[in-house]
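Residues per chain, in single letters:
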Amino acid sequence: ERAQGVDPKGERTIGVMTKTDLIGPGNEDEVLSVVNNIRKPLALGYVMLRNRSQRDIMDKISTTQARENELAFFATHPVFRSCSNKLYGVNQLSKKLTNLLVCRIKLELAPMKATVERSLVEVRSELRALPASYGEAKTATDRQKLLVSTVQEYVRHLTDAIRGEYSGRVLVKHASLRLFTKVLKKFDQFKAKVGQTAPKFDDSSFVTQLASQIEQLRGRELPGFMSSQAFYLCMSQYVDLWNGPMRALVEDVRAVTLEVCTELAQVLLAQFPGMRDALRVEIESILEKMSSEAHKQLLQVIAREQDPFTLNDYLEQRVNKIRFDRFSQAVDQCFEEIKSPVSKWPELKEEIFTGMRDWYRSTHCVSAQASAQDMSGIMEAYWQLAAKRFVDGVCMLTDQQLLNRLPVAVQDVMYRVIRDDTHLQRLFAESSELVGRRQELEQRRDRLLQASAKLTGVSPPPLPSTNPSPSPAISSSGPSAVGGGGGRMKESLSSNTSTSSITNATNTASTMSFSVPMGEHGLGLVLVTDTDPLSSRSSSVVVKGFRALPDGALNPSKAAGLQAGDKIVAINGTTPADSNEAITLMKRSKGLIRLEIIRS
């Protein structure tokens, strides 16, 4: 009853009957009914024992002698000698417990293998997430080559980020590195800031103030002539307001460029903190110089815009449109303000005529107010034309001076240290933390690969039936039984063979082992990685074909018996993740290489 509490199905319980030499005459039949699994049956049955008595212990009877005495007791007992020798003795109990333990272990191998495979996928994923290793640079020449390769890689990605070409893996994965997209946002903000400086040309207070300025600046112009001096002075003042947004744009573009360059170095050169720091310092210095040069050129743009000039037809079209819109507004206003009914046409006509006459006098007569009204329309048209031209020019110049020249400048300044090996050693001193993490993951991956290789091909044994097979009825007595630990078992375990079969509803596959000699030209295999969604493995390495070797040499893999379509599950006991890892394992091996494959 106690055993049923922890093993209700009886899969791990063996009944043990002890002190059988103390069973009184007449009770043997009851003991036999239990041992033969008729009374109180157990799935794994019972075993009878005769342990050493206290007298045997005092007489120092050895365990070996005690086992011989035990077997002699059951063999000569008038009742128990009729039992199968598998039902008594410490040796039989030891065999059953051992087999039970082996069986339970094998039952756990399948989930254990699945756990190993999951852990292997996680470790490989974490390894892939680490920055790519550029290899060891042990000599000055190696470090020079490393400098060239890393700078070229960095400049290539930086150029793509500046041009807005985001097809590369790094720029697809890291949206924060898309530099031109960020710069476009700064351009839009700059355009909005310039637009906010526009005067309120239609406001009456603006026209009044403009009229006052025209009066103050009047020179030798005849009455009715527009004051060009007032126009030029006012436009110069309005263009001056663009200086602030222009300077802010240059600083914003410089800051966002430095930010992206720093992050790009972190992504591509995470294992070289010295190289990252050197790039940041140099790029910061380059951008500072380029910003200063850009400011000088942009001030020239401001100076040109302060001297109004254009041959663009847009100005004439815009001025005509503004004048027409104002005339339409005046007509609409006259009709809205009339008080005479439509039936009284003479009075209505006079009222509209009076309203339009007043508007014409205020806008077209010879007066400072009329000149200001007309000039405000011309100013509005020219301001819009000049603002568009200014925004485009500033953005194009900023793009050219701060962005397009940057990759070449970075490459030039980094190549200056190519002959300074001491400097190169500082640049390419790897991060100890990253190196340690990579080594830790690689060691864990190798351990998991070894475990996976050893677990490959191991399948759980067939489970014994938990329904007991009772023997013929025998009269019962009441012996004692103790629950044993372990697992399901059979009297005999099937042995593993070198070739195993895997069968499902559609096909049959065999696991085979080949020893292939590593020749001068390798194994001569063409491998591919094949993903199989129905397999417990995430992918498998498949033999696609065989390479033709030079001088008609015999292909060692083909000669050994491998065939196209074979799936390689292990190379010298190690399970490869893909074809690249399989090739690496083969290149590291020498002499005979043991290949374990699955053939459909």
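Residues numbered from 1 in each chain as written. Predicted model: local features only at pLDDT ≥ 70, side-chain atom pairs only at ≥ 80, totals over all residues. Heavy atoms only, no water.

**Comments concerning the overall build of the protein**
Convention followed: Each helix corresponds to a stretch of at least 4 residues labelled H or I by DSSP, and each strand to a stretch of at least 2 residues labelled E; elements are numbered beginning at the N terminus. To sort residues, take the accessible area from a 1.4 Å probe on protein chains only and compare it with the maximum for the residue type: under 20% means buried, over 50% means exposed, and anything in between is partly exposed. What makes two residues a contact is simply this: any of their non-hydrogen atoms within 4.5 Å.
Helix and strand content of the protein: 20 helices and 8 strands. Burial status across the protein gives 38% buried among its 600 residues. Within the protein, contacts between residues separated by at least 24 positions form 76% of all contacts whose residues are at least 6 apart in sequence.

**A look at helix 4 (residues 63-76)**
Spelled out, the test is: The span expected for a helix works out to 1.5 Å for each residue beyond the first. Read the arc as the range of directions from the helix axis to the C-beta atoms.
For helix 4, with 14 residues, the first-to-last C-alpha span of 20 Å sits near the 20 Å given by 1.5 Å per residue. Ala66, Glu70, Phe73 and Phe74 are the residues of helix 4 that are buried. Seen along its axis, helix 4 keeps its buried residues to an arc of 85°; they face one direction. Set apart from the buried face of helix 4 by more than 90 degrees, the exposed residues are Thr64 and Thr76. Next to the buried residues of helix 4 lie strand 2 (46-48) and helix 5 (90-129).

**Brief notes about the nonpolar core**
Our working rule: Among buried residues, those of type Ala, Val, Leu, Ile, Met, Phe, Trp, Tyr and Cys that are joined through side-chain atoms within 4.5 Å constitute a nonpolar core.
With 82 residues, the main nonpolar core has Tyr154 and Met379 as its most contacted residues. Broken down by element, this core gets its largest block of residues, 18 residues, from helix 15 (residues 368-404). If we skip the residues at most four places from it in the chain, Tyr154 touches Cys261, Leu264, Ala265, Leu268, Leu279, Ile283 and Val410. Core analysis: the second largest hydrophobic core is formed by 16 residues, Leu525, Ile568, Ile571 and Leu595 among them.

**Notes on the pattern of salt bridges**
Applicable threshold: A carboxyl oxygen of Asp or Glu within 4 Å of a side-chain nitrogen of Lys or Arg is what we treat as a salt bridge.
Taken as a whole, this structure holds 20 salt bridges when the rule is applied. Notably, a salt bridge pairs Arg445 with Asp446, separated by 3.4 Å at the nearest N-O pair. When its relative accessible area of 19% is taken as the criterion, Arg445 is described as buried. Taking the relative accessible area as the measure of exposure, Asp446 reaches 34% and is therefore partly exposed.

**Regarding the pairing of strand 6 (residues 540-546)**
The side chains of a regular strand alternate between the sheet's two faces. The criterion, for reference: One bridge is not enough; two strands pair if DSSP finds at least two bridges between them.
Across the 7 residues that make up strand 6, a large majority, 5, are buried. Where strand 5 (residues 525-530) meets strand 6, 6 bridges bridge the pair, whose relative direction is antiparallel. Residue Leu525 lies in a different strand from strand 6, and its bridge partner there is Phe546. The pairing of strand 6 with strand 7 (residues 567-571) spans 2 bridges and is antiparallel. The residue bridging Val541 from the neighbouring strand is Ile568, located in strand 7.

**Brief notes about the confidence of the model for the protein**
Going by this rule: A residue's pLDDT is the confidence the predictor assigns to it, expressed on a 0 to 100 scale.
Averaged over all residues, the pLDDT of the protein is 82; the fraction at 70 or higher stands at 88%. Confidence scores differ between elements of the protein, with strand 3 (residues 500-503) showing the lowest mean pLDDT of 38 and helix 8 (residues 179-196) the highest of 96. Long-range and interchain partners of residues 462-507, a stretch whose pLDDT sits below 50, account for 102 contacts in this model, where long-range means more than four residues apart. Between residues 533-538, whose pLDDT stays under 50, and residues either more than four places distant or in other chains, the model counts 9 contacts.

**Considerations on the packing of helix 8 against helix 15**
To keep things clear, this is the line we draw: Between the N-to-C directions of two axes lies an angle of 0 to 180 degrees, each axis being a line fitted to C-alpha atoms and, for a helix, fitted only over the stretch in contact. Working definition: roughly parallel below 35 degrees, roughly antiparallel above 145 degrees, roughly perpendicular at 65 to 115 degrees, and oblique for all remaining angles. Left-handed describes a crossing whose near helix is turned anticlockwise from the far helix through less than a right angle; right-handed describes the clockwise counterpart. Under this grouping Gly is polar, as are all residues other than the nonpolar Ala, Val, Leu, Ile, Met, Phe, Trp, Tyr, Cys and Pro and the charged Asp, Glu, Lys and Arg.
With their axes 11 Å apart at the nearest point, helix 8 and helix 15 run at an angle of 150° to one another. Accordingly, the angle class assigned to the pair helix 8 and helix 15 is roughly antiparallel. In terms of crossing hand, the pair formed by helix 8 and helix 15 is right-handed. The residues of helix 15 that touch helix 8, namely those facing Leu179, Phe180, Val183, Phe187, Phe190, Lys191, Val194 and Gly195, are Trp383, Ala387, Phe390, Val391, Val394, Cys395, Thr398, Asp399 and Leu403. Of the residues assigned to the contact of helix 8 with helix 15, the class counts are 13 nonpolar, 2 polar and 2 charged.

**Description of the packing of aromatic side chains**
Worth spelling out the cut-off: Centres within 6.5 Å are what make two rings of Phe, Tyr or Trp a pair, Trp counting through its six-membered ring; a difference in plane orientation under 30 degrees is then read as stacked, over 60 as edge-to-face, and the rest as tilted. Remark: a charge is flagged as sitting over a ring if the NZ atom of Lys or the CZ atom of Arg is within 6 Å of the ring centre and within 35 degrees of the ring normal.
Enumeration over the complete set of coordinates arrives at 12 aromatic pairs. Residues Phe231 and Tyr232 carry aromatic rings whose centres are separated by 6.0 Å and whose planes lie at 75° to one another, so their mutual orientation is edge-to-face. According to the relative accessible area criterion, Phe231 is buried, its value standing at 12%. When the ring centre of Phe73 is taken as origin, the NZ or CZ atom of Arg50, which lies over that ring, is 5.5 Å away.

**Description of helix 16 (residues 406-415)**
By the burial criterion, the buried members of helix 16 are Leu406, Pro407, Val410, Val413 and Met414. Each buried residue of helix 16 lies within a common arc of 135° when the element is viewed along its axis, so the set occupies one face. Elements in contact with the buried residues of helix 16: helix 6 (140-163), helix 11 (243-268), helix 12 (273-305) and helix 15.

**A look at unusual backbone geometry**
For Asn37, which is not a glycine, the phi torsion comes out positive at approximately 70°. Here Asn37 is to be found in the loop between helix 2 (28-35) and strand 2. Positive phi, normally seen in glycine, also occurs at Lys40, with a value near 50°. By the element assignment, Lys40 lies in the loop between helix 2 and strand 2.

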